[in-house]
Number of protein chains: 2
Amino acid sequence: MPSTMQDFPLSVAAILRHGRRVYGRSECVTWTGGAEPRRATFAQVADNAERLAAALQRLGVRQGGRVATFCWNDQEHLEAYFAVPAMGAVLHTLNIRLFPEQLAHIINHADDQVIIVDDSLVPLLARVVDELPAVEAFVIVGDGDGAPLEANRNGAPVLRYRELLAAEEPGYEWPEVDERSAASMCYTSGTTGDPKGVVYSHRSTFLHAMAVQSASLVGITEADRVLTIVPMFHVNAWGLPYGAFLSGATLHMPGPFMQPQHLTEFIARERSTLASAVPTIWNGILSYGEQHELDLSSLRAGTSGGAAAPRSLLEAFEERYGLRIIQGWGMTETSPLGGMAFPPPEVEPGTPEEMDWRLKSGRVAAGVEMRIVDDAGRELPWDGESVGEIEVRGPWITGSYHRDPAPEKFDDGWLRTGDIGTIDDRGFYQITDRAKDVIKSGGEWISSVELENLLMGHPAVAEAAVIGIPDPRWDERPLACVVLRPDAAATAAELADHLAGRVARWQVPEYWTFMDEIPKTTVGKFDKKPLRARHRSEDLKIEHIER
Amino acid sequence: MPSTMQDFPLSVAAILRHGRRVYGRSECVTWTGGAEPRRATFAQVADNAERLAAALQRLGVRQGGRVATFCWNDQEHLEAYFAVPAMGAVLHTLNIRLFPEQLAHIINHADDQVIIVDDSLVPLLARVVDELPAVEAFVIVGDGDGAPLEANRNGAPVLRYRELLAAEEPGYEWPEVDERSAASMCYTSGTTGDPKGVVYSHRSTFLHAMAVQSASLVGITEADRVLTIVPMFHVNAWGLPYGAFLSGATLHMPGPFMQPQHLTEFIARERSTLASAVPTIWNGILSYGEQHELDLSSLRAGTSGGAAAPRSLLEAFEERYGLRIIQGWGMTETSPLGGMAFPPPEVEPGTPEEMDWRLKSGRVAAGVEMRIVDDAGRELPWDGESVGEIEVRGPWITGSYHRDPAPEKFDDGWLRTGDIGTIDDRGFYQITDRAKDVIKSGGEWISSVELENLLMGHPAVAEAAVIGIPDPRWDERPLACVVLRPDAAATAAELADHLAGRVARWQVPEYWTFMDEIPKTTVGKFDKKPLRARHRSEDLKIEHIER
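Conventions and cut-offs
- Residues numbered from 1 in each chain as written.
- Chains lettered and ligands numbered in written order.
- Predicted model: local features only at pLDDT ≥ 70, side-chain atom pairs only at ≥ 80, totals over all residues.
- Heavy atoms only, no water.
- Pairing = 2+ DSSP bridges.
- Helix = DSSP H or I, 4+ residues; strand = E, 2+ residues; numbered from the N terminus.
- Axes fitted to C-alpha atoms, helices over the stretch in contact; angles between N-to-C directions.
- Contact = heavy atoms within 4.5 Å.
- Buried < 20%, exposed > 50% of the residue type's maximum accessible area, 1.4 Å probe, protein only.
- Buried area = accessible area lost by both parts, 1.4 Å probe.
- Salt bridge = Lys/Arg side-chain N within 4 Å of Asp/Glu carboxyl O.
- Polar contact = N/O pair within 3.5 Å; in protein donor to acceptor, adjacent residues only side chain to side chain.
- 1 Å grid on protein atoms, 1.4 Å probe; cavity = no way out; pocket = protein on both sides within 12 Å on 5 of 7 lines; lining within 4 Å.
- Points joined across faces, edges and corners; volume = space filled by probe spheres on them.
- Nonpolar A, V, L, I, M, F, W, Y, C, P; charged D, E, K, R; others polar.
- Expected span 1.5 Å × (residues − 1).
- Least-squares fit on C-alpha atoms with pLDDT ≥ 70 in both.

Caption draft 1: Fine view of the sheet that holds strand β6 (residues 137–141) of chain A. Residue and element names in this part refer to chain A. The sheet built from seven strands is open, its strands ordered β7-β6-β5-β3-β4-β8-β9 with mixed pairing. Edge positions in the sheet fall to β7 (158–160) and β9 (197–201), since each of these pairs with one other strand and no more. With direction set aside, neighbouring strand axes in the sheet form an average angle of 25 degrees. In terms of strand pairing, strand β3 (residues 66–70) meets strand β5 (residues 112–118) through five bridges, oriented parallel. Each bridged residue has a counterpart across the sheet, and for R66 the counterpart in β5 is D112. The strands that helix α4 (residues 100–109) touches are β3, β4 (90–93), β5 and β8 (182–187); relative to β5, the one it contacts most, it runs at about 135 degrees.

Quick look at the structure:
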């Protein structure tokens, strides 16, 4: 039986219309490094988005065409966030920290037609400018030097954002789009292979923005001023720009000024009520605060995501600044909001018990469905103990990748997150390892991360990485790779004893190796691939101890 | 360009799964009139919903089949709210206050196949039991007398809810449904003609439940205990049951105990944090509180809708109980959330200015688009002054009626609300009249409601209704129908003078008639149809005064 409801598409244009009409006075405030910040109302941002769409259309961008951004978090990037999807084109936010070969690869893989680039980033983009055969125009934000792009092999024109907009009038008529068509795209970081493109739809973007407004999650409202530190090239800045236009929250944009000094000055001066960043940034603010007086009193909360924040970080912010940092969990593939670790309501704020809840990876967000499955693909109970791979599905979860169905990443309609963990009977989940790093021993799983953290808690240990190595009897057994502190000493047996009291005996490694340094990825994480390769080529000196 | 997002349907089953798994400990608490209330966790409600679906399937209910409820707000009604849509059938909530002929009409118009009826309401339903040829079974909630239904002409069996569920096991497999298919239906009250059926989809129900969670609107969370006084047969109880399963808010259900004594005892005993009711109920609580000590301290807010609440009501709750009542606006056609009148964040709580904002009809909710149009269908500016008919569109707004496309109710994809009002530049709207009651005079609109309120503010006036009557020069002019208080006296000229200082001179009526009583509808509203009929048949004695 059909319903009588209107067949009304969920779209980025609808988000833009709401922000403009209902919250036209809310602002996008862009930090300029000390002088007065730049201010634009949502109404002005919407006007500029209409001008930008007209300009892009004049450049030949059509429905479905890709427009990339190579930008910081600022007003112009926000204008592109609305203009490009609302005109029916696809916004491709480029990570400014990619290696040149990755950058060229994803620009070409996505068929980017126009690239909007911040003048400060022109040199970075110029390194690949001759490897981009499909790019038809570069649009520079700011008045800085554009020469490094000029001599590109295509002869693609290098234009100025300001001039393009000045030549247009507001009033672009947003087309009606199919809500399942592409609105924006973002590539995964590709730590485990080539970057993969996730293509968000108008529908998923709208629904995710509704979730960002949810009182059970971030719950932003017109009373908020949200310092968006998480980059706009990183999963749509966690959905905050779109959530802001639905809710009226003012956006604080740091531009290129990502240093703690600037961020904390921004907060103090503009009275940010919420700030969202990865743990590294929070850590930087904490260190900076040890030497400087900070005023974070306007913040009602902080949010942290992208990696697990250590207890010491959350505790330090709570104790020194009375600031509650809430962790969220998600991936490029999940738009990203999968869940946030707000403690249950009966838990007393400020207690150690509350901190235990806040150290969970998250609690399943409304709109997301989650399950954990074992190696055989069997669903495991939500008992807080059974360990399996976390799988998710829902209207803002990806079901494939751009030009790459990647069936190995999916399980009967569910996305395999590659994260290993537990879920309790209230939907709180705890990620204990990455699937590729977990050690499968005798049908049970051993968390490499847990062993590493315990080892690094030993006073003699500087770094530790644990990998699984083949074992004829147990399938896999853990090999502990240890870097001792200078002038410190510890034997494998001593370190094994250290672990023995802290994990089940069968989890304690019997294979050990000592080295000068653990190899690391470009973002500073332990890189276990070279360790595994060295083990395979028998290039590691291994001690075997009896357990 | 297609997105890579999963094609995941928004559905009532998804809401149910979330409530069961993430908020399985939250409760539905049903008041029993003084003894201990009945408690069921969301997990138990979900189990019972599965049993109910199995039982209904056994009774022959198939996808798209209609299952009606004739019930109070209680646990069993909540179970039906989930079981019926999640199994792919359509929940039809029957208004227990309908006249028998209307009740029979809508049951037959909707093709209700099964009716779930509370035992206390059996006598009401029995009045029409022989006029329901399509009904195949009655299911009685409770152990009360079912005999009045037994002798129905169809020989439809009269079954017991409790026994049906006891015969089934949990574990019903919810089918995947098309999100645009029907989930539930509700008929309009039909004050201006036959009741019309609005059929909500799974999609609209899910989206509306997301909106109920929005921090800018009701914003319910797991910390809330929501006293749902608004009947579940009234636009899905404003979406609170579905919002509760998405957010984990405990539901407080008053059952048949709608008297202020019970409601306030419920609040005090179970520490409700939110209560939602029409102004009449709030008024009853206020009057009751004049004679009794009330503890409303657990309420963080109240919500009011269905009709405009007078300033005195909102002020009295604020002053006496520190309780902030927020008005919402919506219709059966709008699911119902169209907007709520939360003041903007810069307005100081507790000030007269704040109260002015709270007396607005609402502020456009994210997900709803609104416009006002004049008689010629031209869109008017959002300047807070231009008066036109309010039109809305969006994913939870109806686009037609069940078996009745009613094109006169729609305007190029927008629902004509029949409400006349203004919108300001921040999306706050103020309804001044119903379209059918507004008086169109010389190209300008005169609000009948405003004149009535001003007249009833005169000490000699008990009741006043103002209708438009044909006028050769001005198209229409207002006719004031006045009931004087016993022992009070006032002439038409005196009353006209009273108005003259308060509205524009051209709005002051020159036609007056005095009567003993204004005719009223069954719900106590002024009924202007008989007044217009009497005017047409020259049955009113009219005084014409010079202005």
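Read on for the rest.
Caption draft 2: Broad picture of the environment of A:V177. All names here are of chain A. Checked against the element boundaries, V177 lands in the loop between α7 (161–166) and β8. Of the residues examined, V177 reaches a relative accessible area of 10% and is grouped as buried. Sequence separation between V177 and M87 is 90 residues; the distance between their C-alpha atoms is 8.6 Å. In this structure V177 touches P9, S11, G88 and H202, once residues within four positions along its chain are discounted.

Caption draft 3: Structural detail: the interface of chain B and chain A. Each partner contributes residues to the interface: chain B has 76 residues there, and chain A has 76 residues. Between chain B and chain A, a total of about 5800 Å² is buried, with carbon and sulfur atoms accounting for 53% of that surface. Our count for the contact surface shared by chain B and chain A stands at 16 salt bridges. The closest approach of N and O atoms between B:R17 and A:E369, which form a salt bridge, is 2.9 Å. Applying the counting rule to chain B against chain A returns 40 residue pairs in polar contact (both at pLDDT 80 or more). When contributions to the side of chain B that touches chain A are tallied by element, the ones reaching two or more residues are α1 (12–22), β8 (182–187), β9 (197–201), α8 (202–212), α10 (240–247), β16 (362–364), β18 (388–393) and β20 (414–423) of chain B. Here the side of chain B that touches chain A gets six residues from one element, more than from any other, and that element is α8(B).

Caption draft 4: Looking closely at empty space enclosed by the protein. Residue and element names in this part refer to chain A. Counting across every chain of the model gives six cavities of 30 Å³ or more. In this structure, the largest cavity encloses a volume near 70 Å³. Forming the walls of the largest cavity are Y200, S204, T205, H208, A209, N236, G239, Y242 and S335. Element by element, the count of residues in the lining of the largest cavity is highest for helix α8 (residues 202–212), at four residues. For the lining of the largest cavity, a count of residues per class yields three nonpolar, six polar and no charged.

Caption draft 5: Main features of helix α2 (residues 42–58) of chain A. Residue and element names in this part refer to chain A. The first and last C-alpha atoms of α2 sit 24 Å apart over 17 residues, in line with the 24 Å expected at 1.5 Å per residue. Every buried residue of α2 is listed here: F42, V45, A46, N48, A49, E50, L52, A53, A54, A55 and L56. At the C-terminal side of α2, G60 shows a positive phi close to 105 degrees.

Caption draft 6: Up close: the relation of the copies chain B and chain A. Once chain B is rotated about the relating axis by 180 degrees and shifted along it by 0.0 Å, it coincides with chain A to within an RMSD of 0.1 Å. On this basis, the relationship between the two copies can be described by a two-fold rotation axis. A shared interface surface links the copies, since 100% of the contact residues of chain B are contact residues in chain A too.

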